[in-house]
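# Chain and residue survey
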Amino acid sequence: MKCPLCGSIESVFVMNSKTQLQKDNKIFQFDSCLHCNSIYLKNPPIEDELKKYYTDNYLPYSTSKPWGRYTFIVNIWQSIVDSKKCKLLTKHTKNKKIVRVLDFGCGKPTFLKKLSNYYQGDFVGFDFSDLGWKDCQQQFLKLKLFSNEFEKIQEKFDVITLWHSLEHHFRPVELLTQLKSKLNSKGIIIIELPNYKSFFANRQKGDWGGLHTPRHSVIYSPESLIFLMQENGFQIKKILKYGSLDAFTLWWLGRASNYNIYNSLYPFENLFIKFCLLKVLTFPFFVFEKYLNLGVMTFVCEKKE
Ligand SMILES: [Zn+2]
């Protein structure tokens, strides 16, 4: 496996990590590239094998369903996360009234739905699977949704968003080239993802939820994402040390992977009370998330002419 960012084959072992959020005893290896320092999955699953890690119970497709009777609370939480995304987008589109937005890796497209309440324009979602919307299409009638047919998207966009999506791609350079061709002049791209050079990545190592083993091909640090974006025709406008998803969630997901919960239809239901208690207890620490590198980062980049 070559480095997905620079193509070098020279790397050094960093850590092993077990499959996360699924019952599977496989061990995967992360290496550091000796050329560009990025951290990447050295023995990724083959493409067919990868599909079994994206079931309909996978969180971004199902969002609240795995929480069972607590679904309604998780839906409120998701709505708050979506509002934070809309606020960031508004800030960087200088309050334009009409925007054309592509959400790449949209999962269940609740963010685009919320955005379409505030703006006029085109709201297009793309994901490799339609599991996030196929059973509830009537909720998303204002959106254009595509699965596995990227070439069918004809529009050009003012904004492309990737919320915890870029790191799932095994060929990020190819992906950025495709996305760049879909951006208007001065169009922006917003990327939120786990930050490898962070407090919890360092503390939890192979168990950290930001690895999402084996679904994440590259575990980006600010330096490796700056390298990728600048090499591929983007100018960095802003780097934030936090995101719409909190660093607490990645820390907690890393802990949850060690519980034997994946035989259940609602794997997170019995963990909900523990989740809330831990959230309350650790609140004083996470309140400083905006100033510390705890686990999530956000990049806002502009297309270079
Ligand atoms: Zn490299």
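Quick summary incoming for the structure in this document. (Residues numbered from 1 in each chain as written. Predicted model: local features only at pLDDT ≥ 70, side-chain atom pairs only at ≥ 80, totals over all residues.)

## So, the overall build of the protein
For the protein, the count of helices and strands is nine helices and eleven strands. A compact globule built from 305 residues should have a C-alpha radius of gyration of about 19 Å, and the protein, at 19 Å, falls within 12% of that. Its C-alpha atoms give the protein principal-axis dimensions of roughly 50 × 45 × 40 Å. In the protein, buried positions account for 36% of the 305 residues. (Helix = DSSP H or I, 4+ residues; strand = E, 2+ residues; numbered from the N terminus. Rg over C-alpha atoms; globule rule 2.2 N^0.38 Å. Buried ≥ 20, exposed ≤ 12 C-beta atoms within 10 Å, placed from the backbone.)

## Focus on the nonpolar core
The biggest cluster of nonpolar side chains holds 59 residues, and the ones touching the most others in it are Ile160 and Ile189. No other element matches strand E8 (residues 183-194), which puts six residues into this core. When residues no more than four places from it in sequence are discounted, the contact partners of Ile160 are Leu102, Phe104, Leu179, Lys182, Leu183 and Ile189. (Core = buried A, V, L, I, M, F, W, Y, C linked by C-beta atoms within 7 Å. Contact = placed C-beta atoms within 7 Å.)

## A closer look at the sheet that holds strand E9 (residues 218-219)
Ordered in space as E1-E2-E3-E9, the four strands form an open sheet in which the pairing is antiparallel. The strands lining the two open edges of the sheet, one partner per strand, are strand E1 (11-18) and E9. Both strand E3 (residues 39-41) and E9 contribute to a ladder of two bridges, which runs antiparallel. Note on E9: the bridge partner recorded for Ile39 is Ile219. (Pairing = 2+ DSSP bridges.)

## Overview of the packing of helix H8 (residues 247-256) against helix H9 (residues 272-286)
Contact geometry of H8 with H9 gives a least axis separation of 11 Å together with a crossing angle of 135°. If you check the angle between H8 and H9, you find them oblique. H9 is crossed by H8, and the crossing has right-handed handedness. Two secondary-structure elements touch here, H8 through Ala247, Phe248 and Trp252 and H9 through Phe275, Leu278, Lys279, Thr282 and Phe286. Along the lines of polarity and charge, the residues of the contact of H8 with H9 split into six nonpolar, one polar and one charged. (Axes fitted to C-alpha atoms, helices over the stretch in contact; angles between N-to-C directions. Parallel < 35°, antiparallel > 145°, perpendicular 65-115°, else oblique. Left-handed = near helix turned anticlockwise from the far one by under 90°. Nonpolar A, V, L, I, M, F, W, Y, C, P; charged D, E, K, R; others polar.)

## Thoughts on the environment of Asp130
Mapped onto the elements, Asp130 comes out in the loop between strand E5 (120-127) and strand E6 (144-147). Given 15 C-beta atoms within 10 Å, Asp130 falls into the partly exposed group.

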